Amino acid sequence: MHKVVIFSAPSGAGKSTIVRHLLRQVPELAFSISATSRPPRGREQDGKEYYFLSETAFQEQIDRGAFLEWEEVYPGCRYGTLRSEVERIWAEGKSVLFDIDVIGGLNLKKIFGDRALAVFIEPPSVETLHRRLIKRGTDSPEKICERIDKAKYEMSFADRFDTIVLNDRLEDALADAEEKVAKFLSV
Ligand code: 5GP
């Protein structure tokens, strides 16, 4: 059976680290590259972390029905899951790994049902989240406030996911995530 694994979390909960770890450790998984209308950050490359589209190009993809889901995750920044990514990965005989925001994750779970394992990564606390975002240093203070407000809201959806991984000690979270994914893929 073709499967998908969905990882959602409030921003700064350590989701990207966990997702990167799984991609290295679990060869059956391949990353679904989303499209986004936000500009690349740092060393991000088109076609690697994201497909970076202009607003117009993003809208064209919406009109063509290219997205399984899309959302304006932050004001003025749209992100979407491309149907073609899922088809590409399944055609390779692999399972899809999604790194997606909480609402998008729940939407994908609705679409894929039992074929999906929806995992919520929980940060130990909002204060820890705040510290991590400051340490990451990629966002302005205003952006950080925006992300924290959103995180508080997103935490309220945790219990709608199939399972929760608490990211307090990173090593424990990595092991827990790996075990849960391996179990899901093995049945
Ligand atoms: P960032 O800009 O930090 O890379 O991502 C911001 C948020 O958008 C993250 O929570 C990320 O998981 C989410 N995101 C990435 N791709 C998608 C997507 O295709 N759909 C939705 N709904 N959210 C996405």
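Look up: the structure comes first, before these words.
The notes below deal with the structure included here. Throughout this document, residue positions are counted from 1 along each chain, in the order its sequence is written. This being a predicted model, a pLDDT of at least 70 is required before a residue's local features are given, and a value of 80 or more before pairs of side-chain atoms are given or counted; all residues contribute to the totals for chains, interfaces and linings. The basis for every side-chain value is the complete set of heavy atoms in the structure, and neither hydrogens nor water enter the calculation.

Concerning the packing of helix 1 (residues 15–25) against helix 7 (residues 170–186)
Here comes step 1: Note on method: axes are straight lines fitted to C-alpha atoms, helices fitted across the in-contact stretch only, with angles between N-to-C directions ranging 0 to 180 degrees. Starting at the N terminus, helices and strands are each numbered in turn, a helix being any DSSP run of H or I of at least four residues and a strand any DSSP run of E of at least two. Running from N to C, helix 1 and helix 7 cross one another at 50 degrees; their axes reach a closest spacing of 10 Å. Compared by their axis directions, helix 1 and helix 7 come out oblique. The two elements helix 1 and helix 7 cross, and the hand of that crossing is right-handed. Counted together, Thr-17, Ile-18, His-21, Leu-22 and Gln-25 of helix 1 and Leu-170, Ala-173, Leu-174, Ala-177, Glu-178 and Val-181 of helix 7 form the full contact between these two elements.
Here comes step 2: Note that Gly is not counted as nonpolar here; it falls among the polar residues with everything else outside the nonpolar set of Ala, Val, Leu, Ile, Met, Phe, Trp, Tyr, Cys and Pro and the charged set of Asp, Glu, Lys and Arg. Along the lines of polarity and charge, the residues of the contact of helix 1 with helix 7 split into seven nonpolar, three polar and one charged. When an angle is under 35 degrees it counts as roughly parallel; over 145 it counts as roughly antiparallel; between 65 and 115 it counts as roughly perpendicular; any other value is oblique. Should the near helix be turned anticlockwise from the far one by less than a right angle, the crossing is left-handed, and should it be turned clockwise, the crossing is right-handed. Only heavy atoms enter the contact rule, under which two residues are in contact if any of them lie within 4.5 Å.

Observations regarding the sheet that holds strand 3 (residues 34–36)
Here comes step 1: Should DSSP find at least two bridges between two strands, the strands are regarded as paired. The strand order across the open sheet formed by four strands is 4-3-6-5, and the pairing between neighbours is mixed. Edge positions in the open sheet fall to strand 4 (50–52) and strand 5 (67–74), since each of these has one partner strand only. Within this sheet the neighbouring strands show an average axis-to-axis angle of 25 degrees, counted without direction.
Here comes step 2: Along the sheet face, helix 2 (residues 55–63) touches strand 3, strand 5 and strand 6 (77–82) and points at about 40 degrees away from the line of strand 6.

Some words on the site of the ligand
Here comes step 1: Within the structure, the ligand sits among 17 residues, and Lys-15, Ser-34, Arg-38, Tyr-50 and Tyr-79 are positioned closest to it.
Here comes step 2: The definition of a polar contact used here is a pair of N or O atoms within 3.5 Å, where within protein one atom must be able to donate a hydrogen and the other to accept one, and adjacent residues in sequence count solely through side-chain atom pairs. At a separation of 2.6 Å, an oxygen atom of the ligand approaches a polar side-chain atom of Lys-15.
Here comes step 3: Contacts to the ligand include Glu-69, whose side-chain N or O atom sits 2.7 Å from a nitrogen atom.
Here comes step 4: About the coverage of the ligand: the protein hides 93% of its 510 Å² of free accessible area.
Here comes step 5: Looking at the shell around the ligand, the elements that each hand over two or more residues are strand 5 and strand 6. The criterion for a residue being near a molecule or strand is simple. One of its heavy atoms has to lie within 4 Å of it. Accessible surface is estimated by sampling points in the Shrake-Rupley manner with a 1.4 Å probe; for residues, cover comes only from the protein chains shown.

Geometric values such as these leave the question of function open.
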